[in-house]
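The primary structure of each chain is shown beneath.
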Amino acid sequence: MTAARLLLTFVGLAWLALILLLPLLAIFAQALAKGWGAYIAAVTSSEALDAIRLTLLSALIAVPANLVFGLAAAWAITKFEFRGRTLLLALIDLPFSVSPVIGGLVFVLLYGAHGWLGPWLAAHDVQIIFAKPGIVLATIFVTLPFVVRELVPLMQVQTTAREEAAFSLGASGWQIFRHVTLPNVRWALLYGLILCTARAMGEFGAASVVAGSIRGRTVTLPLHVEIVFNEYDAVAAFACATLLTITALVTLVLKTVLDARERRTAHVELASGQLITAATPAGSRA
Amino acid sequence: MSIAIEDVSKHFGAFAALDRVRLHVASGELLALLGPSGSGKTTLLRILAGLERPDADGGRVRMHGTDVTGATPAERRVGLVFQHYALFEHLTVAGNVAFGLRMRRGRARVPRREIDARVQRLLDLVQLSPLADRYPSQLSGGQRQRVGLARALAIEPRVLLLDEPFGALDAQVRRDLRRWLKELHAELGITSVFVTHDQEEALELATRVVVMHQGRVQQVGTPAEVYEQPANAFVYEFLGSSNVIDGRASDRVLHIDGARYPLDVAASGDVRTFVRPHDLEIVPEANGGSTFPVRVRDVQLVGPTARVLVEREVGGGVIEAHLTRAELAGLSLREGLRVHARARSFKVYAGGIQP
Amino acid sequence: MAMSNNARARILPGFGPTLGLTLAWLGFVVLIPVASLLLKGLAIGPAEFWSAVSGPRAVASYRVTLSSALAAATVNGVAGLLVAWMLVRWPFPGRRIVDALIDLPFALPAAVGGIALTAVFGPNGWIGSLAYPLGLRTAYSRIGLLLAMTFVGLPYVVRSVQPVLEDLDPEIEEAAFALGATRWQSFAHAVLPILTPALLSGFALALARGIGEYGAVIFISGNLPLETEVTSLVVTIKLDQYDYAGAAAVAIVMLAVALLLLLAVNLLQGRSRAYQAA
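Residues numbered from 1 in each chain as written. Chains lettered and ligands numbered in written order. Predicted model: local features only at pLDDT ≥ 70, side-chain atom pairs only at ≥ 80, totals over all residues. Heavy atoms only, no water.

Undergrad: Let's hear about the overall build of chain C: which residues, and what values?
TA: Along its length, chain C carries 13 helices and zero strands. The secondary structure elements of chain C, listed N-terminal to C-terminal, are α-α-α-α-α-α-α-α-α-α-α-α-α. C-alpha extents for chain C along the principal axes are approximately 70 × 65 × 35 Å. Within chain C, the fraction of its 278 residues that count as buried is 58%. Per element, the accessible surface of chain C, about 11,300 Å² overall, is 69% carbon and sulfur. Each charge class in chain C can be summarised by its mean position, and for the 16 positive and 14 negative side chains these summaries are 4 Å apart. (Helix = DSSP H or I, 4+ residues; strand = E, 2+ residues; numbered from the N terminus. Buried < 20%, exposed > 50% of the residue type's maximum accessible area, 1.4 Å probe, protein only. Areas by Shrake-Rupley, 256 points an atom, 1.4 Å probe, with all protein chains shown as cover. Lys, Arg positive; Asp, Glu negative; His and termini not counted. Charge placed at Lys NZ, Arg CZ, Asp CG, Glu CD.)

So this is what it looks like as C-alpha cells:
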C-alpha cells in the first residue's frame, strides 16, 4: 500500500511537472536565453511599451466597469426575488462558456464596417473595431462574470437578516451595502477583482479578433507576444510573456492568501464552478 | 403605541400565508404570536416590521392611528430582534449598539458624545458593559441576543418586534433570558410583539397570546383564557398535551364506552372528545355512570408526576393520564390491571377539528 | 421560522437601480452583441447557413476539436482525480505550492500558455527534442493539440473533485475496508460513486474549455487545414476572408454546443450538491 501510494504520488507529480512546471520554466529560460541585456531590450522596446500601455488602459477601464456592474448585479440577484433570476445569472455567465473568439466576433458583427451599426459609425467618423474601443469592449465582455461569480455564491449563503436589521435601524441602501454587506464579502470581492484584472490583461482570443492585424495601433501585450513569436523573435516573445506570467503567479499567491483568510466563509474555488451556483436557495449547501 | 391590523392578507404565489387577519395590539402590551411553522406568525411579524408588504388589496396596518402599511421599518420606528441575532460580525458590541445612531445623517446626525453615552446606558441595561469591546463571535448565544436587543433599543423604537428571540438558545439560557426580558418589558413598558412556536414560552411571558394556524387567528386572549378556554380543537391540541377520545353525542349527552357525560354544546353523532392527561382520573372500581373500563399498559415516573398509559377496553386505543405520586400510591397499579377512567373535564367542539 | 431564511426581503432599498444597471450593462456588453451574431448568422437563410456550417473545413474542424477536447478531458479526468486525491489525502512536502500551481492554466494568458508549450514540446524543445527522434511529433500535430487542451483543462477536474473529497469522511472507506473489501474495492464501490457527479462536472467543464480554446491551441497545433485546425480558428479564418455570415454561422454552432454543455454541468452540479448536502 505504501509502495502504491509512493508510486502514484510520483506519477502525479511527474505529470504536473511535465504539463505545468516545464512550460512555466521554459518561459523564463527562453526569455533569458540571450542574457539580461536582450531581455531588458525586449520588454522596453517601443512596441512592447505601447502594448503594455494599451493593456493597462483596457484593464483600467474594464475592471472598474465590471466592478460596478458586479456589485449591482450581485445586490439585485441575492437580495431580491424576481422572475428570471436564474436566466439572468446564466446570461451573465455566457462570456465564460463561449470561445473568446466569439467574444470578439460579436463586436465585429455589431460595430465593424460590415456590422449592423458600421455604416452609421462610419458616417459619424467613429471607429470601434480595429481600434482601441474594440479592444476595451472585448476585454469587458470576457471579464464580465468575474466579480459577480465571486460575490453571488457568498452573498446567497449569507441571509438578508443583517441587511434587514440595518434597514430597520435607519440605514440607507448605500449605508447598508457599505457598512453591512461589503465587510462580509470583501475578500471575495478582492479576489474577484484580482482574477478580473489578470484576465483583462491576458485576454488574447477576443482581442485578436477585434484588433485585426494592423500592427502598432491596437496591440495588447498578449497580441504583441504573438506577433514577435511569429516573427521568430523568441527572446522578445518570451520576455514579454514573463511579464504576463509574473502577473499570473502573483494572482496565484494572492489566491492562496485569500483562500486561507476565507476558509471559514463559504468560498467558491477558483475554477470549480464555471457556473454560478445560484439556482439553489440560500442555506441548502449547509 | 397601539397597533391595528386590519384584514391583512398575504399570498406567496398560490399559498395564503395570511388570510384576512384582524388584530389589535394595545399600548404597552407584550403580545405573543403563537403557532406551528407555516401558520403565518412570522409573516405577520414581518408585515408589522415593514419588511414585508400585505397583498395589494390585502388590508392596512395602523400604528397609533396612522396608516403605516407602506412605511419602511425606520419610518415606523420599530426595533427588530432576530432569531439568529443578525449581529454585525465585524463590529464590536458597542459598535453594533451604536450602529443605528451612527447611520443618521444631516439634521438627524447624533453627536459622538451622545452616541457614546447612550450606548453606555444600553449596555448597562442589558448588563454587557464589561464586554463592550468584544466581537459577536466572542460572545455566548444569550449575550449575543442581549446585544441584539440593545441594538434595537438604541434607536428608541416605539414598538419592539422579536422573531423567535430564544429559538437558538439552550434550555437553561432560554429560561433565564425569558425572565429577564419580562422584567425589562415591565421596566420599559414598550409595546412588544414576539413570535414563538413554544406554547410554554408564550404562556409564561405574554400579557396576551394570539394563536395562529393556516394564516388565520384562531384565538386571542390572556394566557389563562387560551389555555383554559381553547376556542377550538386546534388551540386545544396546540396548547398542551391532550387525549383524543372518540365518542357519540345525542340529546346533549356524550357517550364514551358506556360512560355518560352531560354536554353543553349541541352535537350529535360521532364526536372527538379532548381530555388533558391531568384531567383524566383513574379509579379502581366503576363509579356511577361516568367511568369507562381501561387496562393499564405502562406506568412511568417523571419527577413528581406519574404518567399512566391505559388502553380503553371497549373503544380501543391508548390514552394517557397524569397522576400525582400520592394518587398513584393509593392505586397500586401494575401492567394488565383492569381499572376505570373518568374525565374530570373535557371539550367537545361542534364542527369537528380542522385538519 | 427565521425572519429571513429563504424569503428574501422585497423591501430592502436599491432593487430598481441595481437591476436596471445590471440589465443595461448586460444588454450593452452581452445581449445586443450576441443578438447581432444570431441575426447575422440566421439572416442568410437555412440553405446558406447549412452550407456554411457543413463545409469540409468546418466539419473537419468539428471532428478535430471535439475528439481532441474529449481526449484531453478524459486525460484530465484520470490525472485530475489522482492529483485531487494526492492533494487531499496524501500530504507531501510542497503540497501547498503544488495546490496553488494547479490554477496556473487558469491564471496564465492563453497565448503565453501556447508559446510555453511550444517551447517545451516543439522540435527543439526540452521534451520535443527527445520525442521527435523516437518518431513522436509532440508539436504541430494532433498530439500538440491534445497537450494544449489538456493544459488549459487541467484545473477543472481537480477543483471540482477536491472540495467533495475534502468533505468526504475517510470513515466511509474504512467502513468498507472493515467489511472485508480490498483497498481497490472500497475505492471503486464506496468512494467513486460519491465523486462521480463532481468528476463528470469537471470533465464537462474541461471539455467546454477545450472546445472553445483558441490562444493556447493555435501555436502548437500547426493549424493544418482539415487536420489540426480547431473550430475557433475556422471562425477567425472566415472573418479574415470577410465571410462574416459564414463566421457567424459557425460561431452559432459553437454557441449552441457551449450552451448544451453548460446545461449538462448545471444538472451535474445540482446532483453533486445533493450528495454534499446529504
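Undergrad: Pulling in residues and values, what's your account of the domain arrangement of chain C?
TA: Residues and elements named next belong to chain C. Each assigned domain of chain C is listed here: domain 1 (13-43) and domain 2 (46-277). Counting residues at the interface gives six residues for domain 1, matched by eight residues for domain 2. Counting each side, the surface lost to burial between domain 1 and domain 2 is near 530 Å², with a carbon and sulfur contribution of 88%. Together, Leu-37, Lys-40 and Gly-41 form the three largest contributors to the area buried by domain 1 at its contact with domain 2, with a combined 70%. Applying the counting criterion to the domain 1 and domain 2 interface returns zero salt bridges. Inspection of the region where domain 1 meets domain 2 yields zero residue pairs in polar contact (both at pLDDT 80 or more). Residue composition of the side of domain 1 that touches domain 2, by class: four nonpolar, one polar and one charged. (Domains from an automatic or database assignment. Contact = heavy atoms within 4.5 Å. Buried area = accessible area lost by both parts, 1.4 Å probe. Salt bridge = Lys/Arg side-chain N within 4 Å of Asp/Glu carboxyl O. Polar contact = N/O pair within 3.5 Å; in protein donor to acceptor, adjacent residues only side chain to side chain. Nonpolar A, V, L, I, M, F, W, Y, C, P; charged D, E, K, R; others polar.)

Undergrad: Tell me about the interface of chain A and chain C, and please be specific about residues and values.
TA: Residue-level contacts link 103 residues of chain A with 94 residues of chain C. Between chain A and chain C, the buried area comes to about 8,900 Å², and carbon and sulfur atoms account for 79% of it. Our count for the contact surface shared by chain A and chain C stands at one salt bridge. Notably, a salt bridge pairs Lys-255 of chain A with Asp-103 of chain C, separated by 3.2 Å at the nearest N-O pair. In this structure, the connection of chain A to chain C is made through seven residue pairs in polar contact (both at pLDDT 80 or more).

Undergrad: Could you give an account of the nonpolar core, with specific residues and numbers?
TA: Core analysis: the largest hydrophobic core is formed by 224 residues, its most contacted members being Phe-141 and Leu-151 of chain A, Leu-33 and Leu-161 of chain B together with Leu-37 of chain C. No fewer than three residues from each of domain 1 (13-43) and domain 2 (46-277) of chain C sit in this core. With sequence-adjacent residues up to four places away left out, Leu-151 of chain A is seen in contact with Gly-70, Leu-71, Ala-74, Val-185, Ala-188 and Leu-189 of chain A. Residues Leu-87, Ala-94, Val-119 and Leu-162 of chain B belong to the second largest nonpolar core, which totals 47 residues. (Core = buried A, V, L, I, M, F, W, Y, C linked by side-chain atoms within 4.5 Å.)

Undergrad: For a nonpolar patch on the surface, give the residues involved together with the corresponding values.
TA: Taken together, the side chains of Leu-7, Phe-10 and Val-11 of chain A present a nonpolar region at the surface, about 320 Å² in accessible area. Within the secondary structure, Leu-7 of chain A is located in helix α1 (residues 2-31). (Patch = residues over 30% accessible without salt bridge, like charges linked within 9 Å, V, L, I, M, F, W, Y side chains within 5 Å.)

Undergrad: So what's going on with helix α2 (residues 35-43) of chain A? Residues and values would help.
TA: Of all the residues in α2 of chain A, the buried ones are Tyr-39, Ala-42 and Val-43 of chain A. All buried residues of α2 of chain A lie within an arc of 85° about the axis, which places them on one face of the element. (Arc of directions from axis to C-beta.)

Undergrad: Which residues make up the packing of helix α8 (residues 142-167) of chain C against helix α10 (residues 183-212) of chain C, and what are the values?
TA: Residue and element names in this part refer to chain C. Look at α8 against α10: their axes get within 8 Å of each other, and the N-to-C directions meet at 160°. The pairing of α8 with α10 is recorded here as roughly antiparallel in orientation. Between α8 and α10 lies a crossing whose hand is right-handed. Counted together, Met-149, Val-152, Gly-153, Tyr-156, Val-157, Ser-160, Val-161, Val-164 and Leu-165 of α8 and Ile-194, Leu-195, Ala-198, Leu-199, Ser-201, Gly-202, Phe-203, Leu-205, Ala-206, Arg-209 and Gly-210 of α10 form the full contact between these two elements. The class makeup of the residues in the contact of α8 with α10 is 14 nonpolar, five polar and one charged. (Axes fitted to C-alpha atoms, helices over the stretch in contact; angles between N-to-C directions. Parallel < 35°, antiparallel > 145°, perpendicular 65-115°, else oblique. Left-handed = near helix turned anticlockwise from the far one by under 90°.)

Undergrad: Mind laying out the pairing of strand β6 (residues 78-81) of chain B, listing which residues take part and the relevant values?
TA: All names here are of chain B. The side-chain alternation of β6 yields two buried faces, one formed by Val-78 and Leu-80 and the other by Gly-79 and Val-81. Here β6 runs beside strand β7 (residues 159-163); their pairing, made up of four bridges, is parallel. Note that in β7 the partner of Leu-80 across the bridge is Leu-161. (Pairing = 2+ DSSP bridges.)

Undergrad: So what's going on with helix α9 (residues 161-168) of chain A? Residues and values would help.
TA: Residue and element names in this part refer to chain A. The element α9 is extensively covered by neighbouring structure, given that eight of its eight residues are classed as buried. All of the buried residues in α9 are Ala-161, Arg-162, Glu-163, Glu-164, Ala-165, Ala-166, Phe-167 and Ser-168. Remark: Gly-170 follows α9 within two positions and exhibits a positive phi of approximately 100°.

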